[in-house]
Amino acid sequence: MMTEAADRQDNRLFPGRYVYPAVMAIVLLGGMFAAARVGIMLADWQVPPGSVNSPDRIETGSRWKIATGSSFTVAENLGELREYNFRSSGGAPVSVEGISLYHVAGNGVELEILAGGDRRYLKVQVRKGAREGEVFWLMAREFLKIAMPEG
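Computed from a predicted structure; not experimentally measured.

A few words on the overall build of the protein chain. Of the regular secondary structure elements, the protein chain holds four helices and seven strands. Reading the secondary structure of the protein chain in the N-to-C direction produces α-α-β-β-α-β-β-β-β-α-β. Per-residue burial over the protein chain gives 29% buried out of 151 residues. Sequence-distant contacts, at least 24 apart, represent 61% of the contacts inside the protein chain between residues at least 6 apart. As displayed, the protein chain offers around 10100 Å² of accessible surface, 57% of which is attributable to carbon and sulfur atoms.

The strand order S3-S2-S6-S5-S4-S1-S7 describes an open sheet built from seven strands, whose pairing is antiparallel. The open sheet has two edge strands with one neighbour each: strand S3 (99–103) and strand S7 (147–149). Sheet twist, expressed as the average angle between the axes of neighbouring strands with direction ignored, equals 45 degrees. Here strand S2 (residues 71–75) pairs with strand S6 (residues 135–139) via two bridges, running antiparallel.

A few words now on the pattern of salt bridges. Here the structure, examined in full by the defined rule, presents six salt bridges. Residue Arg-63 is joined to Glu-112 by a salt bridge in which the shortest nitrogen-to-oxygen separation is 3.5 Å. Of this pair, Arg-63 sits in strand S1 (residues 63–66) while Glu-112 sits in strand S4 (residues 109–114); the two residues are 49 residues apart in sequence, bridging distant segments of the chain. Look at Arg-63 and you get partly exposed, because its relative accessible area is 35%. Between Glu-110 and Lys-128 there is a salt bridge; the shortest N-O distance is 3.8 Å. Of the two residues, Glu-110 sits in strand S4 while Lys-128 sits in strand S5 (residues 121–128), which places them 18 residues apart along the sequence. Because the salt bridges share partners, they merge into one network encompassing Arg-63, Glu-110, Glu-112, Arg-127 and Lys-128.

This part covers the packing of aromatic side chains. Given two aromatic rings, their pairing is described by the distance between the two centres and the angle made by the two planes. Scanning the model with the defined rule gives four aromatic pairs in all. Relative to Phe-136, the ring of Phe-72 lies with its centre 6.2 Å away and its plane at 40 degrees, an arrangement referred to as tilted. Of this pair, Phe-72 sits in strand S2 while Phe-136 sits in strand S6; the two residues are 64 residues apart in sequence, bridging distant segments of the chain. Take Phe-72 and Phe-136: they sit in the same class, and that class is buried. Here Tyr-102 and Phe-136 contribute two aromatic rings whose centre-to-centre distance is 5.5 Å and whose plane-to-plane angle is 45 degrees, an arrangement assigned as tilted. Taken as a pair, Tyr-102 in strand S3 and Phe-136 in strand S6 lie far apart in primary sequence, 34 residues in all. There is no split in this pair, since Tyr-102 and Phe-136 are both buried. Positioned over the ring face of Phe-86 is Arg-37, at 4.9 Å from the centre of the ring.

Time to look at the nonpolar core. Counting 17 residues, the largest nonpolar core has Ile-66, Phe-72, Tyr-102, Leu-111, Phe-136, Leu-138 and Phe-143 as the members making the most contacts within it. Elements supplying a minimum of two residues to this core: S1, S2, S4, S5, S6 and helix H4 (140–146). When residues no more than four places from it in sequence are discounted, the contact partners of Phe-72 are Ile-66, Ser-100, Leu-101, Tyr-102, Val-104, Leu-111, Phe-136, Leu-138, Glu-142 and Ile-146. With nine residues, the next largest nonpolar core counts Tyr-84, Val-96, Ile-99 and Tyr-121 among its residues.

Scoring rules and cut-offs
Residues numbered from 1 in each chain as written. Predicted model: local features only at pLDDT ≥ 70, side-chain atom pairs only at ≥ 80, totals over all residues. Heavy atoms only, no water. Helix = DSSP H or I, 4+ residues; strand = E, 2+ residues; numbered from the N terminus. Buried < 20%, exposed > 50% of the residue type's maximum accessible area, 1.4 Å probe, protein only. Contact = heavy atoms within 4.5 Å. Areas by Shrake-Rupley, 256 points an atom, 1.4 Å probe, with all protein chains shown as cover. Pairing = 2+ DSSP bridges. Axes fitted to C-alpha atoms, helices over the stretch in contact; angles between N-to-C directions. Salt bridge = Lys/Arg side-chain N within 4 Å of Asp/Glu carboxyl O. Phe/Tyr/Trp six-rings, centres within 6.5 Å; stacked < 30°, edge-to-face > 60°. Lys NZ or Arg CZ within 6 Å of the ring centre and 35° of its normal. Core = buried A, V, L, I, M, F, W, Y, C linked by side-chain atoms within 4.5 Å.

Quick look at the structure:
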C-alpha cells in the first residue's frame, strides 16, 4: 500500500507517460529536417543536366549572352536563393525576401561567371546590360535554359 502511494506521487511529479511520446515526436521531426538538409547538400554536388557533355561548360570567367525577352530568378545572396529553391520545390510560387525576377530588356545582357558558385547555384556579374557591374546569384538550371556562350 505504501509503495503504491509513493508510485502515484512520483507519477504526479514526473509524468513519464507523456514525456516519452513528446521526445519521440521531437526526434522524428528533427530527423526529417536533417534529412531534408542533407538532401539539399547532396543536390548541391550534382551537375546540372546537360553541362557535363556540353562543350560549353559553365566555368569561372566564362561569359554568356542572354537574349532579350528572357527572365530568370536572382538573389542578393546564396542563402536566400537556397531557401527560395527549397520552398519552391513543390511547384507552388513562394515569396522569399531578397529574391527578384531579372527581366532582360533592350539588347540583351552579358553575364560573367564568378568564383564561389557551385554546380547548382552560380554567382554572376553583369558585364553588358542595363544593370552593368551588378553581382547576384542565380540557379544553374534556369541559366542553362536561356544562356548562350559568348563567342
